[in-house]
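Per-entry structural report
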Amino acid sequence: MKVIICGAGQVGYGIAERLAAERNDVSVIDVSADLIRNIRDTLDVKGFVGHGAHPDVLARAGAQDADMLVGVTLYDEVNMVACQVAHSLFNVPTKIARIRSQSYMLPRYQDLFSRENMPIDVVISPEREVGEMVLRRIALPGATDVVRFADNRIAMVAIECLDECPVINTPLAQLSDLFPDLIATVVGVSREGRLFVPRSGDQLFAGDLAYVVIAKEHVRRTLGLFGHDEQEATRIVIAGGGNIGLYVAQTLEKAQSRTRVKIIESGRERANAIADELRRTVVLHGSALDHKLLNEADIGDTDLMVALTNDDQVNILSSVMAKRLGCRSSLTLINNPTYQDFTNALGIDAQVNPRSVTISRVLQHVRRGRIRAVHSIGRGAAEVTEAEALDTSPLVGIALRDLQLPAGLRIGAIYRDGAVLRPAGDLQIKSKDRVVMFAMASAVKKVEQMFRVSLEFF
């Protein structure tokens, strides 16, 4: 696939890195010569210095032969115009744009991005998607990652195995026997920095991070079996009153929950603006690194500190300070991947990576076959994928125990006619089933092949 990426910042670099590793033909455009030089030197991609929305620059990047254009510059309008030019002049089949301003996303303007107006096939709003991820983490304390699939009927939950975890040191197959009515499958394990797909005879150990595919109604029970019975946070302090912080606070207010929220915002004008939009949320003006302000926010009696500023260092340090001052738990927004490796050592309980959210959405449309959703794990080391089985799929009509699945792949659940099915050995996948599976990077291409329409079908 030939892909043009407009924007060589952290998100653009991350997308280019993933696509180039899979041997796609990738061209990257950015106005910064330094960013383009860096991406040329470190990745197997073509780099072009210029404005991503200019026709001559797109032409130099090969837009006339491109299968996809991805606009992820810092400016919404550049991303939008790049998609329009790619459509009108070069007839690029798929256009994806990152749109950060929420004014473009208002329901009354929903026709803006239609083919007749602004022909953008996929609009990614990272602020809204990150906000939804934060809300899922708030709703499921004890989970370090939560992603939904199959019309929200299936969840992939990452769960840390603590020393007192009841399911450690027990073969996974035995867990299935002990809880036959529980629709939950351990599909991946991260142990001492190594991510792998476990076999039925493998055991979980303290310190492992288990990736579990679960039916929605069994999520809380599964967390309990892993020893996580934390109560949902009712007292929350949010550091950062930007689009994400405001979205989270507004959603919690609309839910009419008993949660009490306070926001710390460093900009006076912004603090005043969001205070006018919120009804029950207390807005404090000042720095989230101010010891006195944190005490004023009653951080010592707070259940959860959610750090959502635009500065990774502020997010990390404010989370550490909050825990030192008595806050029970922390959830931290981190953009820079170099910071993500040592957050656990600092006592940060969970983190959110906006870059991975955007990359996962792009990969969903790069993947061939009937791929409905993709979530990237561990900087591209693995993916959780939801795919629809076709009549021609080699998976259809064969008992799961008899399938010759590639190494590095494990099926987590099957969604059929509104019901979630556990992947038992005698179960057969049917056409139109939606299969949620965990695949190491080495198995991703084989997943695509299993869910593609073969030429013989025609």
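Residues numbered from 1 in each chain as written. Predicted model: local features only at pLDDT ≥ 70, side-chain atom pairs only at ≥ 80, totals over all residues. Heavy atoms only, no water.

1. Concerning the overall build of the protein
Check the secondary structure of the protein and you find 13 helices and 22 strands. Against the 2.2 N^0.38 benchmark of 23 Å for 458 residues, the protein shows a C-alpha radius of gyration of 23 Å, consistent with a compact globule. For the protein, the C-alpha atoms occupy an extent of roughly 70 × 65 × 45 Å along the three principal directions. Summing over all exposed atoms, the protein offers an accessible surface of approximately 20,900 Å²; the carbon and sulfur share of this is 48%. Distance between charge centres in the protein, computed from 53 positive and 56 negative side chains, equals 2 Å. (Helix = DSSP H or I, 4+ residues; strand = E, 2+ residues; numbered from the N terminus. Rg over C-alpha atoms; globule rule 2.2 N^0.38 Å. Areas by Shrake-Rupley, 256 points an atom, 1.4 Å probe, with all protein chains shown as cover. Lys, Arg positive; Asp, Glu negative; His and termini not counted. Charge placed at Lys NZ, Arg CZ, Asp CG, Glu CD.)

2. So, the nonpolar core
Core analysis: the largest hydrophobic core is formed by 44 residues, its most contacted members being I5, I15, V28, I39, V70 and F451. Counting residues per element, this core draws most heavily on helix α1 (residues 10-21), which supplies six residues. Among residues more than four places away in sequence, those in contact with V70 are V3, I4, I5, C6, I15, I96 and V362. In this structure, M133, I236, I244 and L331 belong to the second largest nonpolar core, which totals 28 residues. (Core = buried A, V, L, I, M, F, W, Y, C linked by side-chain atoms within 4.5 Å. Buried < 20%, exposed > 50% of the residue type's maximum accessible area, 1.4 Å probe, protein only. Contact = heavy atoms within 4.5 Å.)

3. Things to note about the pattern of salt bridges
Inspection of the entire model under this criterion finds 23 salt bridges. The salt bridge involving D349 is made with K323; its shortest N-O contact spans 3.0 Å. Linking D349 in the loop between β16 (329-333) and β17 (350-352) with K323 in helix α11 (residues 312-324), this pair joins segments that are 26 residues apart in sequence. By relative accessible area, which is 34% here, D349 ends up partly exposed. Taken together, the shared-partner salt bridges connect R18, E22, E383, K445 and E448 into one network. (Salt bridge = Lys/Arg side-chain N within 4 Å of Asp/Glu carboxyl O.)

4. Things to note about the environment of R260
Topologically, R260 is positioned in strand β13 (residues 260-265). The spatial distance from the C-alpha of R260 to the C-alpha of T234 is 5.9 Å, given a sequence separation of 26 residues. Those residues in contact with R260 that sit more than four places away from it in its chain are T234, R235 and I236.

5. Thoughts on the UniProt feature "domain: RCK N-terminal" (unreviewed entry) in the protein
Look at the UniProt record and you will see "domain: RCK N-terminal" (unreviewed entry) annotated at residues 1-124 and 233-354. Split by type, residues 1-124 is 35% helix and 22% strand. Its first and last C-alpha atoms lie 21 Å apart. Taken end to end, residues 233-354 is 34% helix and 22% strand, and its first and last C-alpha atoms sit 22 Å apart. (UniProt positions renumbered as here; feature names shortened; annotations may be inferred.)

6. Section: the UniProt feature "domain: RCK C-terminal" (unreviewed entry) in the protein
Sequence positions flagged by UniProt for "domain: RCK C-terminal" (unreviewed entry) are, in local numbering, residues 144-228 and 372-453. Secondary structure content for residues 144-228 is 16% helix and 36% strand, while the C-alpha to C-alpha distance between its ends is 11 Å.

7. Observations concerning unusual backbone geometry
Unlike most non-glycine residues, R23 shows phi in positive territory, near 65°. Secondary-structure assignment places R23 in the loop between α1 and β2 (25-30). A positive phi angle, near 60°, is found at N169, a position not held by glycine. Summarising the element assignment, N169 is placed in the loop between β8 (154-160) and α6 (172-178). Since its relative accessible area comes to 48%, N169 is described here as partly exposed.

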